[in-house]
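Notes for the structure review
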Amino acid sequence: MKKIVAIGPESTGKSTLCEQLAEHYQTVWVPEYARQYLVQHGMNYKYDDLLLIAKGQIDLEDSTVENHKSQITNSTSVFIDTDMYVMKVWCEFVFNKCHQFIIDQIVDRQYDLYLLCNIDLPWSSDPLREYPDVKQREILYRIYKDVLVNQSTPWIEISGSQHDRLQHAIDAINTFQNLTNH
């Protein structure tokens, strides 16, 4: 099983891309747990809430894989909207510190490919979103890109319209799978 993660700033089409890729490859995807948490608990989150969100994301990822074992084979990809790098960036951007648990999970959890979603889609207003300002979105995008440049898992940049993003991601995933299957 290949674990493919979509990361990037908010409102960059990560959820849509994961859902579309799961449909295309007839597999499962793991949504972002933070949305569920913030709907339930509100946007007045504290530093310790991010630890609960991180643990919820991991639990959601693990339970999704476990609950769909019969559908997932060695050649199947699972698409994941958000991982611990997103939690690390969030913690550090908002609170200038990060929970050790999140850092430990970054070290311990293995993924096969990252899809870095660019900020070139129009920002979509949503009560759970915090950064409509283009400058902040550019800063966050550069932080995510820096994170990926400085780790060893392959990654690709995803940009363009929703249709272009999907096609670009499919092409990259197919190339990646051909390379890793030989």
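As the structure is a prediction and not an experimental result, all values here were calculated from the model.

Overview of the sheet that holds strand 2 (residues 29–30)
One open sheet accounts for five strands, arranged 2-3-1-4-5; its pairing is parallel. Every other strand in the sheet has two partners, leaving strand 2 and strand 5 (155–158) as the edge strands with one partner each. For strand 1 (residues 2–7) and strand 4 (residues 113–117), the ladder comprises four bridges, and the chain directions are parallel. When the sheet's bridge partners are listed, Ala6 is paired in strand 4 with Leu115.

Points about unusual backbone geometry
Leaving glycine aside, a negative phi is the common case for residues, and trans is the common case for peptide bonds. Here Ser11, not a glycine, exhibits a phi torsion of approximately 60°, which is positive. Inspection of the secondary structure puts Ser11 in the loop between strand 1 and helix 1 (14–25).

Some remarks on helix 7 (residues 162–180)
The end-to-end C-alpha distance of helix 7, which contains 19 residues, comes to 27 Å, matching closely the 27 Å that a straight helix rising 1.5 Å per residue would cover. Here helix 7 has its buried residues at Arg165, Leu166, Ala169, Ile170, Ala172, Ile173, Phe176 and Gln177. Buried residues along helix 7 sit in contact with strand 1, helix 1, strand 3 (77–81), strand 4 and strand 5.

A word on the pairing of strand 5
Judged by which residues are buried, strand 5 turns out to be one-sided: Ile156 and Ile158 face inward and are buried, whereas Trp155 and Glu157, on the alternate face, are not. Summarising the sheet, strand 4 and strand 5 pair through four bridges and their orientation is parallel. Considered in strand 5, the bridge of Leu115 is made with Ile156.

Describing the pattern of salt bridges
One pass over the structure, following the stated rule, counts six salt bridges. We note a salt bridge from Lys3 to Glu61, for which the minimum N-O separation is 3.0 Å. Here Lys3, found in strand 1, pairs with Glu61, found in helix 3 (residues 47–67); they are 58 residues apart in sequence, far enough to count as distant. Residue Glu61 is classed as buried on the basis of its relative accessible area, which comes to 1%. In the salt-bridge network here, residues are joined through shared partners; they are Lys3, Glu61, Asp62 and Arg109.

Brief notes about the environment of Leu121
Inspection of the secondary structure assignment puts Leu121 in the loop between strand 4 and helix 6 (134–149). Along the chain, Leu121 and His163 lie 42 residues apart, while their C-alpha atoms are 11 Å from each other. Discounting residues that sit within four places of it in the chain, Leu121 has contacts with Ser11, Thr12, Gly13, Arg137, Gly160, Ser161, Gln162 and Arg165.

A closer look at helix 4 (residues 84–95)
Over its twelve residues, helix 4 extends 16 Å from the first C-alpha to the last, a length consistent with the 16 Å expected when each residue adds 1.5 Å. By the burial criterion, the buried members of helix 4 are Met84, Tyr85, Val86, Met87, Val89, Trp90 and Cys91. Elements that come into contact with the buried residues of helix 4 comprise strand 1, helix 2 (33–41), helix 3, helix 5 (100–108), strand 4 and helix 6. Its side-chain oxygen placed 3.0 Å from the backbone nitrogen of Tyr85, Asp83 serves as the N-cap of helix 4.

Cut-offs applied
Residues numbered from 1 in each chain as written. Predicted model: local features only at pLDDT ≥ 70, side-chain atom pairs only at ≥ 80, totals over all residues. Heavy atoms only, no water. Pairing = 2+ DSSP bridges. Helix = DSSP H or I, 4+ residues; strand = E, 2+ residues; numbered from the N terminus. Expected span 1.5 Å × (residues − 1). Buried < 20%, exposed > 50% of the residue type's maximum accessible area, 1.4 Å probe, protein only. Contact = heavy atoms within 4.5 Å. Salt bridge = Lys/Arg side-chain N within 4 Å of Asp/Glu carboxyl O. Polar contact = N/O pair within 3.5 Å; in protein donor to acceptor, adjacent residues only side chain to side chain.

So, to be careful, I would describe these as geometric facts and stop short of saying anything about function.
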